[in-house]
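Observations on the model geometry
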Amino acid sequence: MTSKMEMFGAALGKAVKNTMATLNEDKPPTKMYRTNLRDVPKVEGLPRDDGWVDMQVQFLIDKKSAGADHVIGWTVLKPGARHENHRHHNCDEFFIVLKGQGHIYTDEGQKPSGEGDVIYSPRGCWHGFNNTSDQDVVLVWGWMGAGSIEASGYEVGAEK
C-alpha cells in the first residue's frame, strides 16, 4: 500500500522530471523567475458559485507570470472562508497549512487539519478546505501539471 507521502513524493518527482525534460529540449535557456508576495496581486472576482468563498488567493508562479506548466499559490482564509469541495481533472494538487486550523474535505467527509499538515490530492480526487476557526488560515499550494485554472480541469462539486 502506498502512503500519502510516497504519492506526494512520486508526483513531485514526476513534476521535476517533466520540467527537466522541457529544459533539456532544443530551446534557449530559460531565465529564473522571482517575485515577492507583496508584488503579486490578489485575484479579484473569484466566483462564490465556483467554490471560492471569501478567499484571498495569489497565483505566485503560473503560465502567465513565469511561463510555468505548474502553479504555486498562496491563500489566506479568514474565519468562515472556504474552498469548497472540488477536483482537478488535469493536474495533481498539494497544499501545506502554514498557519491556523480548520477542516479538509475528504472522501470520508470533513476531517480536522492544522498547521504543518501536508495534503496531496491526485488528479480527480475531491478536496477542499474550510476555515472553521476564529483565526486566519494560511496555505501554500501547487498544481502539478497545469499552468492555469483553465488548464487544471477545475470542477466544483457537492460537499462529500
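Residues numbered from 1 in each chain as written. Predicted model: local features only at pLDDT ≥ 70, side-chain atom pairs only at ≥ 80, totals over all residues. Heavy atoms only, no water.

**Remarks on the overall build of the protein chain**
Selection criterion: Numbered from the N terminus, helices here are DSSP runs of H or I no shorter than four residues, and strands are runs of E no shorter than two. For each residue, the accessible area found with a 1.4 Å probe, counting protein chains only, is set against the maximum for its type, and the residue is called buried under 20%, exposed over 50%, and partly exposed in between. Two residues form a contact once any of their heavy atoms are found within 4.5 Å.
When its secondary structure is counted, the protein chain shows three helices and nine strands. In sequence order, the protein chain lays out its α and β elements as α-β-α-β-β-β-β-β-β-β-α-β. Relative to its 160 residues, the protein chain shows a buried fraction of 38%. At a minimum sequence separation of 6, the contacts of the protein chain that also span at least 24 residues come to 70%.

**Concerning the environment of Gly67**
Considering the arrangement of structural elements, one finds Gly67 in the loop between α2 (63-66) and β2 (70-88). The exposure class assigned to Gly67 is partly exposed, which follows from its relative accessible area of 47%. Sequence-wise, Gly67 and Tyr33 are 34 residues apart; in three dimensions their C-alpha atoms are separated by 9.1 Å.

**Looking at the side chain of Asp92**
Under the convention used in this document: Within 3.5 Å is the distance limit for a polar contact, defined as a pair of N or O atoms, with the added protein rule that one can donate a hydrogen and the other accept it, and that residues adjacent in sequence qualify only through two side-chain atoms.
Counting through the fold element by element, Asp92 comes out in strand β3 (residues 92-99). Among the polar contacts listed, one links the side chain of Asp92 to the backbone nitrogen of Arg123, at a separation of 2.8 Å.

**Focus on the pattern of salt bridges**
The line we're drawing: Throughout this description, the term salt bridge denotes a Lys or Arg side-chain nitrogen within 4 Å of a carboxyl oxygen of Asp or Glu.
According to the stated counting rule, one finds six salt bridges in the structure shown. The partner of Lys63 in a salt bridge is Asp69, and the shortest N-O contact between them spans 2.4 Å. Given a relative accessible area of 43%, Lys63 falls into the partly exposed group. For Asp69, a relative accessible area of 37% puts it in the partly exposed group.

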